[in-house]
Amino acid sequence: MNNLHRLTRRITLKHRRSLPLTKAVVTTAIVLSTVTLIALRLCQWDSQAKLADLQEQAAQLVSENTNLSNRIENIDSLESIRQIADEELNLVDPGTIIIEESE
């Protein structure tokens, strides 16, 4: 019975007022945690914006690469190569004489 009495004995807690230093430490910890969470959220938003920009650039490069690959596949004659050299690179065949008008 003595063991049972020990197990059922009531535990009473006394309430003590917390020290001002304890309150200051807890308040400081809460404020620092909040500031840290805000800073992390801002970094996350910035990283997400950068990721979206990089994904857009990657999509543009993939598209450009596909277009260039298609152009390479479609170059099947000497005439198409000459046309690209003339129009895009301003090249001419050797021995070609170019006459420019002066203003």
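Read on for an overview of the structure. (Residues numbered from 1 in each chain as written. Predicted model: local features only at pLDDT ≥ 70, side-chain atom pairs only at ≥ 80, totals over all residues. Heavy atoms only, no water.)

## Structural notes on the overall build of the protein
Alright, step 1. Helices and strands together make up the secondary structure of the protein, namely three helices and zero strands.
Alright, step 2. Of the regular secondary structure in the protein, the N- to C-terminal order runs α-α-α.
Alright, step 3. Taking all 103 residues of the protein together, 2% fall into the buried category.
Alright, step 4. Carbon and sulfur atoms form 59% of the exposed surface of the protein, whose accessible area is close to 10600 Å². (Helix = DSSP H or I, 4+ residues; strand = E, 2+ residues; numbered from the N terminus. Buried < 20%, exposed > 50% of the residue type's maximum accessible area, 1.4 Å probe, protein only. Areas by Shrake-Rupley, 256 points an atom, 1.4 Å probe, with all protein chains shown as cover.)

## Concerning the pattern of salt bridges
Alright, step 1. Enumeration over the complete set of coordinates arrives at two salt bridges.
Alright, step 2. For the salt bridge of D46 with K50, the shortest nitrogen-to-oxygen distance reads 3.4 Å. Placement of the pair is D46 and K50 together in helix α2 (residues 20–74), with a separation of four residues, close to one helical turn.
Alright, step 3. Its relative accessible area of 39% is what places D46 among the partly exposed residues.
Alright, step 4. A salt bridge links E88 to R71; the nearest nitrogen and oxygen atoms lie 2.7 Å apart. With E88 in helix α3 (residues 78–89) and R71 in helix α2, the pair connects residues that are 17 residues apart, well separated along the chain.
Alright, step 5. On the basis of relative accessible area, R71 is assigned to the partly exposed category, the value being 35%. (Salt bridge = Lys/Arg side-chain N within 4 Å of Asp/Glu carboxyl O.)

## Regarding a nonpolar patch on the surface
Alright, step 1. Residues L19, L21 and V25 make up a contiguous nonpolar surface patch of about 330 Å² in total accessible area.
Alright, step 2. Tracing the chain through its elements places V25 in helix α2. (Patch = residues over 30% accessible without salt bridge, like charges linked within 9 Å, V, L, I, M, F, W, Y side chains within 5 Å.)

## Focus: unusual backbone geometry
Alright, step 1. Even without being a glycine, N90 presents a positive backbone phi close to 55°.
Alright, step 2. Its location among the elements puts N90 in the segment after α3.
Alright, step 3. Among the residues examined, N90 registers a relative accessible area of 65% and is labelled exposed.

Take it as geometry only, folks, not as evidence of what the structure does.
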